[in-house]
Amino acid sequence: MSLAFFVALPAGIALRSAKHSYHGVAVASFYALSALGCATSSLYRKLTPDMYEGSIHSTHGYLVLLLSVALSAVDIAAFFTRLYAFCVAPSKLTLKQFWRSVVLGHQDEYPSSSEYSGIVSEDPEEYEDFKPTHSHHHSSLSEHVVFDADSSRSSRHSDDTLRDVIVTAIPVPKKPLLSQAACATLERSLVIAAFGMVLSGVVIYTGGCRDSYINGCLAHLIKGGIFWCYGLFTFARFLGSHSEMGWAWNISPIRNTISAEFVESTVIFLYGITNTWMERFGAKPGDPYTTKQVQHISIAVMFWFAGLVGMGMESKRVRRWLAASAKAALGSARVVEPPSYRASFNPFPALVIGVTGAAMSAHAQAYVFQVQIHELWGWLLLGFSVLRCLTYFFVWLGPPKSVLPSRPPTEALGSFFLACGGLMFMLSTEELTLAAMRKGRDDMMMFLNVAVAITCFAFCWTLCVVAFNGWLKARKAMV
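Fair warning: this is a prediction, and the values are worked out from it, not measured in the lab.

The rules behind each value
Residues numbered from 1 in each chain as written. Predicted model: local features only at pLDDT ≥ 70, side-chain atom pairs only at ≥ 80, totals over all residues. Heavy atoms only, no water. Salt bridge = Lys/Arg side-chain N within 4 Å of Asp/Glu carboxyl O. Helix = DSSP H or I, 4+ residues; strand = E, 2+ residues; numbered from the N terminus. Buried < 20%, exposed > 50% of the residue type's maximum accessible area, 1.4 Å probe, protein only. Axes fitted to C-alpha atoms, helices over the stretch in contact; angles between N-to-C directions. Left-handed = near helix turned anticlockwise from the far one by under 90°. Contact = heavy atoms within 4.5 Å. Nonpolar A, V, L, I, M, F, W, Y, C, P; charged D, E, K, R; others polar.

Mind showing me how you'd approach the pattern of salt bridges here?
Any two side chains of opposite charge can pair, so long as their charged atoms come close to each other. Tallied over the full model, the rule gives six salt bridges. A salt bridge links Glu411 to Arg388, with the shortest nitrogen-to-oxygen separation between them at 3.0 Å. Note that Glu411 is positioned in helix α15 (residues 409-427) and Arg388 in helix α14 (residues 368-397), a separation of 23 residues in sequence. The same class applies to Glu411 and to Arg388, which are both buried. Via salt bridges that share partners, Arg237, Glu261, Glu264, Arg388 and Glu411 belong to a single interconnected network.

Given below as structure tokens:
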């Protein structure tokens, strides 16, 4: 299952984003590995006793597989839609057009004259990138036909020749932008869901998180897992992932209006608004609030409203309202936006995580080792907050001027601190720390080194995935 969800699935996502012809091979390998995983899992359950009675680990695993099948069903439906559009096309079509329009899903235009083969742009974005470096004339018949200014033919002869060119377009239906974003988000969420299944599988195999430990264990695994995934996502942003949306500390080439800070603030808001009520799980009606419950609920409320403030700061409409007084004072005069408007400087996600780390580093515990390990991951989260603020400071001094990822080094360090802090968060459960103390393994260096080693391995995996995605897109641009 790990090979399916952490190797084949990321490869399939990268191949899909590049519209590569081997995407189907990746999907087939994903389902083959998933079937092998299900078979070995069934065999293992038959050969071993039930290690966790009432566990829903298998049920959750099948739900994740069902979601992946549903996403594949969308691809199959889109394939048959393109096939129907290909079959009802009025002109004579070739096998090459079938491969590109039906199999790959490209909406290309093919001139009937071989003289103009190779001058049709496959992607409007490629054509836009091609414009600044050459001088071209555009035909009124087609926006995708490009002529070299140095051509020996006269412009009159070119116009006459163009009137004889018949461009055949295959009408391939396009998905709405919202549905594309939803499918892409769900597909990537499968990797996070698989990580959750790994955690629950480790719990079942080791026999942890039982009886009175279950609520605290769930809190540490869920919250630490969020910080862990957040750290890996931040490192992927540093590498250049989602640079087309302007999330790699660059200018968005597609003029995306949703910033990464808005997504971060939204996740923080949802985390706080749900966790506020979950802190009372296990308490009986009428029980007074304990000190620990007040501590955790107050942190959740901070997440709730700080996330809401962060979302408001990222709203274009709210920003216009906040600048309305200055614009009203100038009347109808045109106002030039400052260079800092090219980037987002929203400190609230970093503030929330930093305050959480500082507070949890002072969390009262029954044993010194538990206090020390809480201090460790608390300071790691605080370190991320400081480094993110340093990123804003340097980007404020020099706002991004290019569509290429700027890769501020503070983000590389901050993402590592965040991911490592999240992993230490998961390792600081009461049950695990007590077991380490009983076995004489209550060594801070051992816990930290294990967390650092696993984080480095995960960062290497992230680098491979992002680099593979970039390699595919670079090869596509060269074709």
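Got a minute to help me understand the packing of α14 against helix α17 (residues 444-478) in this structure?
If you want to describe how two helices pack, look at the angle between their axes and the distance between the axes. It is at 11 Å that the axes of α14 and α17 come closest, and there the two elements cross at 35°. When you trace α14 past α17, the crossing you get is right-handed. In this structure, α14 uses Phe369, Gln372, Ile373 and Leu376 to contact α17, whose residues at the interface are Met444, Phe447 and Leu448. Here the residues of the contact of α14 with α17 sort into six nonpolar, one polar and no charged.

It is not clear to me how the environment of His363 should be interpreted in this structure. Could you clarify?
With respect to the helices, strands and loops of the structure, His363 is situated in the loop between α13 (348-360) and α14. Look at His363 and you get buried, because its relative accessible area is 8%. Sequence separation between His363 and His374 is eleven residues; the distance between their C-alpha atoms is 7.0 Å. With residues near it in sequence (within four places) discarded, His363 still touches Lys292, Gln295, His296, Val371 and His374.

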